[in-house]
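Survey of secondary and tertiary structure
Below are the chains, spelled out letter by letter.
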Amino acid sequence: MDDTTAVDLSMNLVHKGQDETALRASLLPLLRALTNSSTIDQIYPILKEIKSIISSMPPEPQIMLTTQEVQQLTKKIELDATYFNLFGITRNLDSHVYQFDLNIRKFLISLSLNIANTETDNSGERKAELAFDLADLDSDGSISFRDLTEMMAGFNSFNGLCFDEDSIKKVCMHVYKQINYTTEEQDISKKTFVEFISNLRRESFHEKRAPEKKAQKPAGFWGKVGSALSIERSSLPAFFCWMILNLCASAYYWTQDRFGFYQRSITRQMAGQINLNSTILLLTISKNFQRAVHHTSLRKVFPIHKMVAYHRFLALYILVTGTIHTIFHLGGTFPRIASMTLDELNEKVAYHQLTGVPTYTWLVFHSIPGWSGICLEILMIVLVVMTIAKIRHKKFEAFWYSHHLYIAIYVLLAIHGMQELAAPHIFQFFFAVPGAIFTLEKLAKLYRYFVNRGRAISIRLLSSGVIELVVPRPSSFDYRSGQYCSLNIPRIRFFQWHPFTISSSPTQNNITFHISPVGDWTNELAELAKANLTGNDLPTVIMDGPFGTPTEQFNDYKNVMLICSGVGATPFASVLRELLHRVQNDKENLKIETLDFYWVNRKSSQLTWLVTLFQGLLREQFGMGSNFMKINLYFTGEAAMRTDFRSLFLWNAIEQLKKRGELKAHCYCSNVYTGRPQWDKIFKEKSEANDGATEIGVFLCGNKAMGAEVEEKCKKYSTNLKTFKFKEEVF
């Protein structure tokens with residue numbers, strides 16, 4: 001049966017109101033042919049036949065599809081299930097045979113424009129013509145105001161802006177005004193529509209961003225040092241204490257040296273620093289200890305927000321001092337001992353009297369300090385190498401399991417000096433307090449393993465691709481905005497724990513996490529989400545936490561800047577929720593006077609749930625009559641927005657309405673931009689603002705590149721009158 005016969009047959013069946021099976025039989029081959037199209041010329045003949053079939057159907061024609069049929073329709077365009085809704089594909093929970101419903105019109109528009117966008121068409125006329133013909137279902141050469149609003153609603157979903165119906169109508173009215181139409185009753189002709197889009201594209205391509213003015217940098221080397229010290233002031237006391245402790249440890253070990261030559265002196269001083277720093281290292285991974293410190297005034301001098309950086313620094317420092325210690329033993333101390341007489345050894349070296357002169361081989365491979373030292377060096381090298389970013393990201397499981405070599409390392413450190421050949425064994429004195437804190441940490445984690453566990457309430461994959469995990473809140477689980485938990489899901493990995501920020505507010509009854517699937521563990525979690533599990537099929541989730549982050553300190557400052565990229569907005573979502581709650585119920589204890597939120601993301605549709613949340617928060621703030629919070633969204637896929645018809649059309653209208661004040665901030669967000677933030681301009685304005693603030697809290701959750709850039713701006717624009725206090729979480 002050829003396509004013409006199929007079309008005629010299906011039309012007769014539709015007119016007679018007969019079984020949908022015949023309609024599916026005629027439409028599915030055409031829809032498959034459409035998905036295999038690659039040019040606008042290939043789309044038009046197929047589109048014409050489909051329109052002839054659905055012309056007599058209801059305004060929103062739908063057909064039911066099986067899972068296999070959906071896979072056939074989406075395979076060629078590599079459409080992930082998380083974006084089905086944008087293409088009119090929704091899950092059908094009422095049918096056992098057909099698992100999905102397909103909105104034919106929405107599928108046609110999204111798929112056709114998706115294909116068209118791959119064509120090189122500098123004028124944009126062919127894409128505009130195609131969009132017009134898709135909206136013009138009755139093929140009368142014009143589209144109504146209702147057709148335009150439906151088209152704009154689709155573009156709104158594609159861009160993830162979550163406009164309400166009234167805002168979309170305002171956008172469409174703006175389009176009408178631009179083409180000099182005065183009432184909604186007027187229809188837009190194809191020629192008028194295509195000319196309007198062509199003019200938009202020309203204006204967009206010729207638009208240029210104003211160059212940033214370079215702010216004056218701190219004068220000379222000492223000026224840069226002064227700026228750096230001003231924003232790192234809270235870390236300086238801890239750093240100087242660490243330096244003094246290392247000097248004391250080195251001095252003590254040096255006084256215990258009985259050899260009298262420099263190789264031995266160096267190894268002893270390195271041994272003192274290794275023992276000290278290996279025990280301090282335990283405090284950098286003791287979350288409960290850090291949380292206890294954070295809730296006291298010590299947080300102002302103890303750099304909790306730098307614990308990960310200090311942990312890495314200390315591990316590398318131990319490796320370096322350990323390597324020096326090993327080299328000078330193997331190349332200096334051991335050969336010197338092996339060449340001495342027994343009397344010399346007992347007089348100058350031995351801590352206990354020896355009965356014979358040890359050989360070099362015995363010292364290296366048979367003495368406890370020798371073989372344990374070599375094992376320690378090898379284990380430290382393996383552990384540090386596995387933490388290299390490229391290895392850690394590609395082989396996370398290898399990194400995770402290799403990190404547990406720390407158990408063997410501390411056992412070896414404990415026995416390394418037990419033989420007391422040339423010095424007393426005092427590692428246990430260094431280890432006592434940090435070791436006790438770390439042991440209590442592990443016992444607390446074991447307790448929470450049995451208490452903070454429960455079956456997930458829901459786990460689903462949002463249209464943006466982000467996983468939303470909701471778990472029951474244990475009765476004793478108290479947390480603050482911005483804190484995080486380590487999650488364990490035995491169904492995925494029995495031993496693995498992964499940290500995720502809590503995105504729900506402390507005032508809510510359940511705990512919510514929003515997780516981006518970027519690795520093996522999170523991708524397996526995404527597969528569970530796709531399975532649409534319910535009831536007892538949902539996985540058990542175990543939580544270890546909550547633990548503090550720098551974000552908790554947001555109420556220490558009158559003026560706050562929250563900066564994030566991508567899913568890094570998650571911890572701030574909880575902060576913003578709590579702030580609005582406190583404005584309503586606990587305003588007298590709220591120190592913040594102004595808050596500026598900056599979210600940088602490639603495309604808003606990637607994190608629609610966050611955009612929706614921000615709009616809701618602004619509506620709440622608007623309803624309270626408050627204006628302390630400003631949300632600034634930056635979408636960096638600027639080139640795509642200027643060439644993709646779906647973005648170009650909508651964003652132009654938004655920008656124009658925003659300039660004219662016809663679109664209220666709470667309807668979308670305070671400020672929406674395409675392109676990257678002009679940080680120099682932003683920080684300069686903040687630095688020069690006459691708001692009486694001497695410190696501005698800058699909290700960042702983003703990638704390393706953004707962290708480095710923002711930190712540099714904090715240093716650059718900090719002055720004696722106003723300091724930017726920078727705190728970051730990087731991923």
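Predicted model, so just to flag it, every value in this text is computed and none were measured.

1. Digging into unusual backbone geometry
Omega for the peptide link from glycine 545 to proline 546 comes to 5°, which places this bond in the cis form. Of note, proline 546 is situated in strand β12 (residues 540-547).

2. Regarding the side chain of lysine 713
Within the element layout of this structure, lysine 713 appears in helix α28 (residues 704-717). If sequence neighbours within four positions are ignored, lysine 713 has contacts with Trp679, Asp680 and Phe683.

3. Focus: the sheet that holds strand β8 (residues 467-472)
Paired through their backbone hydrogen bonds, the strands of a sheet run either parallel or antiparallel. What the three strands build is an open sheet, ordered β7-β8-β11; its pairing is antiparallel. The sheet terminates laterally at β7 (458-461) and β11 (510-515), the two strands that pair on one side only. Between one strand axis and the next, the sheet turns through 15° on average, direction left out of account. The pairing of β8 with β11 spans six bridges and is antiparallel. In the sheet register, proline 472 faces β11, and the bridge partner there is asparagine 510. Along the sheet face, helix α22 (residues 520-530) touches β7, β8 and β11 and points at about 100° away from the line of β7.

4. What to know about the side chain of serine 278
With respect to the secondary-structure elements, serine 278 resides in helix α12 (residues 262-283). Of the residues examined, serine 278 reaches a relative accessible area of 3% and is grouped as buried. Among the polar contacts made by the side chain of serine 278, one reaches the main-chain carbonyl oxygen of isoleucine 274 at a distance of 2.8 Å. Of the polar contacts made by the side chain of serine 278, one reaches the backbone oxygen of asparagine 275; its length is 3.2 Å. Non-local contacts of serine 278, meaning those with residues more than four positions away in its chain, are made with Ile318, Tyr410, Leu413 and Phe427.

5. Structural notes on a nonpolar patch on the surface
Taken together, the side chains of Leu440, Leu443, Leu446, Tyr447, Phe450 and Val451 define a hydrophobic patch exposed on the protein surface, amounting to about 650 Å² of accessible area. Note on placement: tyrosine 447 falls in helix α21 (residues 427-451). On the basis of relative accessibility, which here comes to 55%, the residue tyrosine 447 falls in the exposed class.

6. Brief notes about the pattern of salt bridges
Summed over the entire model, instances satisfying the criterion amount to nine salt bridges. Among the ionic pairs, lysine 530 bridges to glutamate 527, the shortest N-O distance being 3.5 Å. Of the two residues, lysine 530 and glutamate 527 are both situated in helix α22; the distance of three residues between them amounts to about one turn of the helix. Accessibility expressed as a relative area gives 33% for lysine 530, which makes it partly exposed. A residue is classified by how much of its surface remains accessible, and glutamate 527, at 47% relative accessible area, is partly exposed. Glutamate 711 serves as the salt-bridge partner of lysine 715, at 4.0 Å between the closest nitrogen and oxygen. With a gap of four residues between them, lysine 715 and glutamate 711 both fall in helix α28, about one helical turn apart. Residue classification places glutamate 711 among the buried residues on the basis of a relative accessible area of 15%.

What counts as what
Residues numbered from 1 in each chain as written. Predicted model: local features only at pLDDT ≥ 70, side-chain atom pairs only at ≥ 80, totals over all residues. Heavy atoms only, no water. Helix = DSSP H or I, 4+ residues; strand = E, 2+ residues; numbered from the N terminus. Contact = heavy atoms within 4.5 Å. Pairing = 2+ DSSP bridges. Axes fitted to C-alpha atoms, helices over the stretch in contact; angles between N-to-C directions. Buried < 20%, exposed > 50% of the residue type's maximum accessible area, 1.4 Å probe, protein only. Polar contact = N/O pair within 3.5 Å; in protein donor to acceptor, adjacent residues only side chain to side chain. Patch = residues over 30% accessible without salt bridge, like charges linked within 9 Å, V, L, I, M, F, W, Y side chains within 5 Å. Areas by Shrake-Rupley, 256 points an atom, 1.4 Å probe, with all protein chains shown as cover. Salt bridge = Lys/Arg side-chain N within 4 Å of Asp/Glu carboxyl O.

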